[in-house]
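Analysis of the macromolecular model
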Amino acid sequence: MALSQPMKMPAFFPARARIGVLTCEPVGMLDYLAPEGGVRQGALVLVPLGPRRVIGLVWGEGVGDFDLAKLRPVARVLEAEPFDARFLDFLSRAADYTLTPLPLMLRMATRAPDLDQPPAARRVIVPGSGQASRMTEARARVMQVMADHGGASFAASELAQLAGVGVSVVKGLVTQGALAEIEAPRDLPYPALDPARPGKPLDADQQAAADALRAKLKAGGYGTTLLRGVTGSGKTEVYLEAVAACLAQGRQALVLLPEIALSAEFLDRVEARFGARPGEWHSGITRSERRRLWHMAGRGEVQLVVGARSALFLPFRDLGLVVVDEEHDGSYKQEDVVYYSARDMAVLRASINAGQVVLASATPSLESWVNAATGKYQRLDLRSRYGAAELPEMAAIDLRAEAMEAGRWISPTLVRAVEARLARGEQSLLFLNRRGFAPVTVCRACGEQVGCHQCDARMVEHRFQNRLVCHQCGETRPIPLACPSCGVEGKLAPVGPGVERIAEEVAARFPEAKAEVLSSDLFHSARALKETIARIAEGGADIIIGTQIVAKGHNFPKLTLVGVIDADLGLQGADLRAAERSFQLMRQVAGRAGRQSGAAPGVALLQTHQPDHAVIRAILSGSDEAFWDAEAAGRQAAGMPPFGRLAGIILSHPDLSVVSDFARHLADAALPLAEAGAELWGPAPAPIARVRGRHRMRMLVRAPRQAPLQAAIADWLAPIKLPVNLRLSVDIDPQSF
Ligand code: ADP
Ligand code: ZN
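Residues numbered from 1 in each chain as written. Chains lettered and ligands numbered in written order. Predicted model: local features only at pLDDT ≥ 70, side-chain atom pairs only at ≥ 80, totals over all residues.

Per an unreviewed UniProt entry, the chain is named Replication restart protein PriA, and its organism is Paracoccus tibetensis. Within the UniProt record for the chain, the comment given under Subunit (unreviewed entry) is "Component of the replication restart primosome." What UniProt records for the chain under Function (unreviewed entry) is the sentence "Initiates the restart of stalled replication forks, which reloads the replicative helicase on sites other than the origin of replication. Recognizes and binds to abandoned replication forks and remodels them to uncover a helicase loading site. Promotes assembly of the primosome at these replication forks." (UniProt positions renumbered as here; feature names shortened; annotations may be inferred.)

Next up, the structure:
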């Protein structure tokens, strides 16, 4: 396909030459005339499209045979400095790999506001030298936002909005001198990071790993390293050494983090290490920050970016290192519009850039584990926790042998363990990966389970909000008095526990204890979550009740007990990845206990009905290798990833008969798959068969490892005409199967 030819060396096109411009519109590549003064390949331009103007990239020579006299010229050159040719190569190869149309890829890579606006001077608010005479609550909020953003600059209106106050409050602080309003160019430079500053003295394992990474960066060329070590073993210190080596070479570095709540702590660490804060890229940054970072990445004027998965699509000028922290984390997979895994795209981008990738995890994905075992990746292990306590002791609580009261989920054994912690002034964490109060609401009169109107999903009771919530589409409604099916009043009952229900049980059993619930739906901002975590870390809670957000990286020094309320949750189900996910999550959660140095090691207790289940046994034995090797063997026997290749085809339409007829038609046309040695499974209803009023069906394509999976799917789908309003997405390497 002509569209995805990698770029040759940047060329210059004189005025009125015929050029091919890739636009973000579905039409993709169009021919235009180069503007007065000419334009270089890879430049960002604004071109007319019908009555509108759209952003495009000068891709190469025009290829159409459209009369030159009738071609329209480029309207304006937005960035004359061309983007790195390797970046365009990355976009086209990522498009090929994910079977995404290239224009969509470009749109994803240009997702920054006001790219079509010229950089102009503007008035911004920065910290002032004076003090406000009177610090009202509103004023304090504004100052807090300034402090939280490390002295960044804001438009006055933006600052007011972030602080939730009127612009007059900001202006008042300016009048008083606590803030200042200055004329600033739109794109302030980032403060320089100093890679020569010394880091912490490393222990032997850390030093060996850091040396290996430094050597690889120094040697140049592409490579991927799996950096493995339990939480707290000092992986971050090690990969910051790799960042230092990359920055010292004058190349850019990117650190991807799964959970944005982590980044505040992380930014402080980077600042402590390199003397300045890096660029930040995630949904929480301001519009002006977003625009600034996008441009600065492209000009090579930001050395280090810390961001969420989409940061991988920033137009870095010379990206030399990508770190994927917690590489196994599910949030690296995007399953919307463009389906991609940031981990895999990091490897692709680095291989094009002759750069290095560091995948850091205590519990690697099976893919990475296998790639390390076969030598495709190098593996570096940090065996011990950095100067800290042992891994927690782990034990199962066999629920079949416990005297469980009805409607109670904390077993007598776990209750005693919590009581012992309370008596010693230590913290306990009760983990249940379920938001809300109860996962099911049942009518005791007719047996109806209250479901969502839009989705094939049950409504989950959220008692703190006093509503039922659909976890698929977010629809909420008040908790009804009468059953929506039989109309009988007062018979609806919550069944099963969520974290809110465990909190209720904790309040009843340990009335003197201070309890805190950590669940993503209970925090409206990353800042609120961060504040709560800081309060807990300082001992502001005796018992923490949390969903998977507690599994990630937070350090609670007084925590010595982790109780997993339902270790069996996630072990069932047809999903082949269930065991892997369950294993990773429970391992991470258990790792929360006993991190502090000096103190006795913590304890992790797993409540289970199946203490002999392979996953539970693997966790208790502490032998991760045994678990991964067994999982890998199972996948290999089934020809499943990473030993075979898999793609999901998801079809959806409001009308069930349209989607099922089309699915059958598609299956009948699947000859190109068979010719490539691939098998088609399905169609079958998707795991969630209806979402937001659309019926969903799924097919899986499985192929041997070496088969040309993408090409076969492209051949198969190319001649197919989609019915109106039918959506078809291709998910290469789906997360669940
Ligand atoms: P991981 O990334 O593996 O979870 P971290 O790098 O965050 O581990 O290290 C855990 C804790 O130990 C952090 O507080 C970190 O500052 C500290 N730490 C790690 N390595 C060292 C070192 N070499 N010297 C001093 N403190 C260290
Ligand atoms: Zn719904």
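Text resumes after the structure shown.
What follows concerns the overall build of the chain. Within the chain, the regular secondary structure consists of 20 helices and 33 strands. What you see for the chain is a C-alpha radius of gyration of 28 Å, in line with the 27 Å of a compact globule of 737 residues. Once the C-alpha set of the chain is aligned to its principal axes, its extents read approximately 85 × 75 × 60 Å. With 737 residues in all, the chain has 45% of them scored as buried. For the chain, the share of sequence-separated contacts (at least 6 apart) that also reach a separation of at least 24 residues comes to 75%. (Helix = DSSP H or I, 4+ residues; strand = E, 2+ residues; numbered from the N terminus. Rg over C-alpha atoms; globule rule 2.2 N^0.38 Å. Buried ≥ 20, exposed ≤ 12 C-beta atoms within 10 Å, placed from the backbone. Contact = placed C-beta atoms within 7 Å.)

Here, UniProt's "binding site: Zn(2+) 2" (unreviewed entry) annotation points to Cys-452, Cys-455, Cys-470 and Cys-473. Taking the farthest pair of C-alpha atoms as the criterion, the annotated set spanning 22 residues converges on one region, since that pair is 8.7 Å apart. Looking at the element boundaries, Cys-455 is found in the loop between strand 21 (440–443) and strand 22 (459–462). On the basis of neighbour counts, which here come to 22 C-beta atoms within 10 Å, the residue Cys-455 falls in the buried class. Within the secondary structure layout, Cys-470 lies in strand 23 (residues 467–470). When near neighbours in sequence (up to four residues on either side) are disregarded, Cys-470 contacts Cys-452, Gln-454, Cys-455, Ala-457, Met-459 and Glu-475.

Attention now goes to the sheet that holds strand 5 (residues 44–49). The five strands are arranged 3-2-6-5-7 in an open sheet whose pairing can be described as antiparallel. Edge positions in the sheet fall to strand 3 (29–33) and strand 7 (76–79), since each has one partner strand and no second. In this sheet, neighbouring strand axes are inclined to one another by 50° on average, regardless of whether the strands run parallel or antiparallel. Of the pairings in the sheet, the one linking strand 5 to strand 6 (residues 52–61) comprises six bridges and is antiparallel in character. Across the sheet, residue Val-45 finds its bridge partner in strand 6, namely Gly-56. (Pairing = 2+ DSSP bridges. Axes fitted to C-alpha atoms, helices over the stretch in contact; angles between N-to-C directions.)

Here helix 7 (residues 235–248) contains 14 residues, and its C-alpha end-to-end distance of 20 Å stays within 8% of the 20 Å for a straight helix at 1.5 Å per residue. Where burial is concerned, most of helix 7 is hidden: 13 out of the 14 residues are buried. Looking one or two residues beyond helix 7, the residue adopting positive phi is Gly-250, at roughly 80°. (Expected span 1.5 Å × (residues − 1).)

Here Ile-649 is to be found in strand 30 (residues 644–653). Residue class for Ile-649 comes out buried when judged on the 23 C-beta atoms lying within 10 Å of it.

Here the focus is the confidence of the model for the chain. Of all residues in the chain, 94% have pLDDT values of 70 or greater, and the mean over the chain is 88. This stretch, residues 1–7, has a pLDDT under 50; its non-local contacts, to residues over four places away or in other chains, come to 16 contacts. In the predicted assembly, ipTM is 0.97 and pTM is 0.83. (pLDDT = per-residue confidence, 0-100.)

Attention now moves to the packing of helix 3 (residues 137–148) against helix 4 (residues 156–163). Relative orientation of the contacting elements helix 3 and helix 4 amounts to 105°, with a least axis distance of 9 Å. Between helix 3 and helix 4, the angle falls in the class roughly perpendicular. Here Arg-141, Val-142 and Val-145 of helix 3 come into contact with helix 4, specifically with Leu-159, Leu-162 and Ala-163. Across the contact of helix 3 with helix 4, the residue classes break down as five nonpolar, no polar and one charged. (Parallel < 35°, antiparallel > 145°, perpendicular 65-115°, else oblique. Nonpolar A, V, L, I, M, F, W, Y, C, P; charged D, E, K, R; others polar.)

Time to look at the pairing of strand 32 (residues 694–704). Burial analysis of strand 32 places nine of its eleven residues in the buried class, the great majority of the element. Strand direction decides the pairing type here: strand 30 and strand 32, joined by ten bridges, are antiparallel. Bridge pairing in strand 32 links Ile-650 to Arg-698. Judged from the seven bridges that link them, strand 31 (residues 679–691) and strand 32 form a sheet pairing that is antiparallel. Residue Arg-690 lies in a different strand from strand 32, and its bridge partner there is His-695. Hairpin geometry of strand 31 and strand 32 is characterised by an intervening segment of two residues between the two adjacent antiparallel strands and by a positive phi of about 50° at Arg-692.

Residues Val-243 and Leu-256 are the most contacted members of the largest nonpolar core, which totals 170 residues. Top element by residues in this core is helix 7. It accounts for nine residues. If near-sequence neighbours (up to four positions away) are discounted, Val-243 is found in contact with Ala-253, Val-255, Leu-304 and Leu-321. (Core = buried A, V, L, I, M, F, W, Y, C linked by C-beta atoms within 7 Å.)

This paragraph deals with the domain arrangement of the chain. The domain architecture assigned to the chain consists of domain 1 (12–110), domain 2 (121–185), domain 3 (204–382), domain 4 (393–437 + 496–633) and domain 5 (644–732). Here domain 1 and domain 2 have C-alpha centroids that lie 40 Å from each other. (Domains from an automatic or database assignment.)

Right, let's get into the sheet that holds strand 31. Spatially, four strands are ordered 31-32-30-33 in an open sheet, and the strand pairing comes out antiparallel. Two strands close off the open sheet at either side, each with one partner strand: strand 31 and strand 33 (727–732). Adjacent strand axes in the sheet meet at a mean angle of 20°, parallel and antiparallel pairs treated alike. Bridge count for strand 30 against strand 33 is six bridges, and the pairing is antiparallel.

In this section: the packing of helix 11 (residues 366–373) against helix 17 (residues 624–638). The contact between helix 11 and helix 17 brings their axes to 10 Å, and the two run at 95°. One way to sum up the angle between helix 11 and helix 17 is to call them roughly perpendicular. Residues Leu-366, Trp-369 and Val-370 of helix 11 touch helix 17, and the partners they reach there are Trp-628, Glu-631, Ala-632 and Arg-635. In terms of residue class, the contact of helix 11 with helix 17 is made up of five nonpolar, no polar and two charged.

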